[in-house]
Amino acid sequence: MAAVTAVATAFPAAAALPGPADAAQPVASKVETIPCPRPKVKPPKGRPARPTPPPDDPVLRAVGGDGLATDGLVVPAGSPRPPALTATSWLVADLDTGEVLGGCGPHVYGTPASVQKLLLVATVLDKLDPKQVMTATAGDLDIEANSSAVGLVKGGRYNVETLWLGLLLNSGNDAANALARLGGGAGGLPATIEDMNAEAKRLGAYQTHAVTPSGLDGPGQFTSAYDLALIARACFDKPDFRKYALARTAQIPAQKKLKRGGFQIQNENKLIYNYKGALGGKTGFTTLARHSYVGGAERNGRRLVATVLGAEAAPLRGWQQGAALLDWGFALPKDASVGKLVTPEDAAAQVTAVDGSAAPAAPAPGRADAAAAGTTTDRGLSLGLAAVLAVVLAATPLLLLLTQRRRRRVRRR
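My aim in this report is to walk through the structure given alongside it, one point at a time. Values in this document were obtained by computation on a predicted structure and should not be read as measured data.

## Side note on the overall build of the protein chain
Inference 1: Per the secondary structure count, the protein chain includes 13 helices and 12 strands.
Inference 2: The contacts in the protein chain between residues at least 6 apart in sequence include a share of 73% that link residues at least 24 apart.
Inference 3: For the protein chain, the accessible surface area stands at approximately 17800 Å², while carbon and sulfur atoms represent 56% of it.

This is how it looks when you write it as structure tokens:
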């Protein structure tokens, strides 16, 4: 496996990065953060402040490898300069081998916007018969004003496949509500939200917490570039998802009894029209989250995924930033790696007695900032108990990453 560069200042004039750091370096060590390449553009006026994320957890920051525990850039030593992006965080990984090729703040918390719909896919797609016909309810249409919708009508009848196409092509928040309601059975949409969070944890996406099925902003809703790659990998493993994600158009059926005509929708993911070997993915935007993007592509039998959070649309749109990362990833040798996408089996094996540090807890309604800024221990804890927790947390990264370290040592030999 290629050595990892995570300790350096700015890039030198040459395209290659400075010398390697020890990939097995302990998480707790102090390393200098490499700034991620960014274009010289001013942030747009009126951009809202980022929501307060949960406190950093050294365990979560090192999932997939110690080299990923950085707010800055981590890439293989000697690799070409990554593209300059407005994204606050990003990651490139191999969908088949699970190797992480590089990232910028891989475990930095971000707000997902509509890429959250991929977690809905991972959770619900296999539960529903695509030919099942449902009737849209008023609750399905209860979405934020002016947010993306496929145009379902109350009382309209649609098959589940149409809902998936509406979700992935047009980012329909009404379709997300309908699918979540159906997938939750008797528990409806709330049950699906619970299942989405359980699925994230099963995949090892411990920094992901869903509040809405659509990705519309909600208090305490977060993810990370690393987590998105885990979720995307689960989605790309599903044949139906791959089919829907590459569909260029779909027909929304007429509702004759309601005197509503049918219409065609187009896939909003420009990658599938403009990038050779595109596999599809998902776009996202809210005023708070800014642009997010997940895109996959295949070249010469190699499938990569790029994930982007907190991007602006200029000078490159979200999908273009994803495409630039894919280009960069395909240019790297096949053995390039700075970490690993954990598998559900890895995640299950790494559960410890300190499992409470895993995912951000659901916030109390109306207390987004307080919940996001809360810690896993009460401020009023005694010094003795706090010391015990500190010891446990310090030891947990070693347990959590034991599998990855052993794998890496074997490869180095």
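## Here's the deal with the state of the cysteines
Inference 1: Using the criterion set out here, one finds 1 disulfide in the structure.
Inference 2: A disulfide bridge connects Cys 36 with Cys 104, and the sulfur atoms are separated by 2.2 Å. Between Cys 36 and Cys 104 the sulfur-sulfur dihedral comes to about 105°; the bridge is accordingly right-handed. Remark: Cys 104 occurs in strand S4 (residues 99-104) and Cys 36 occurs in the loop between strand S1 (4-5) and helix H1 (58-61); sequence separation between them is 68 residues. For the pair shown, Cys 36 and Cys 104 are each scored as buried.

## Observations concerning the pairing of strand S9 (residues 278-286)
Inference 1: Within S9, 8 of the 9 residues are buried, leaving the element largely enclosed by the surrounding structure.
Inference 2: Pairing analysis gives 8 bridges linking S9 to strand S10 (residues 290-299), with the strands arranged antiparallel. From the neighbouring strand, Ala 278 faces S10, where its bridge partner is Ala 297.
Inference 3: The hairpin turn running from S9 into S10, its antiparallel successor, is 3 residues long.

## Some points on empty space enclosed by the protein
Inference 1: Counting across every chain of the model gives 4 cavities of 30 Å³ or more.
Inference 2: Size it by volume and the largest cavity reaches roughly 130 Å³.
Inference 3: As for the largest cavity, its lining consists of 15 residues, and the residues nearest its centre are Arg 50, Thr 88, Gly 110, Thr 111 and Ala 289.

Scoring rules and cut-offs
- Residues numbered from 1 in each chain as written.
- Predicted model: local features only at pLDDT ≥ 70, side-chain atom pairs only at ≥ 80, totals over all residues.
- Heavy atoms only, no water.
- Helix = DSSP H or I, 4+ residues; strand = E, 2+ residues; numbered from the N terminus.
- Contact = heavy atoms within 4.5 Å.
- Areas by Shrake-Rupley, 256 points an atom, 1.4 Å probe, with all protein chains shown as cover.
- Disulfide = S-S within 2.5 Å.
- Buried < 20%, exposed > 50% of the residue type's maximum accessible area, 1.4 Å probe, protein only.
- Pairing = 2+ DSSP bridges.
- 1 Å grid on protein atoms, 1.4 Å probe; cavity = no way out; pocket = protein on both sides within 12 Å on 5 of 7 lines; lining within 4 Å.
- Points joined across faces, edges and corners; volume = space filled by probe spheres on them.

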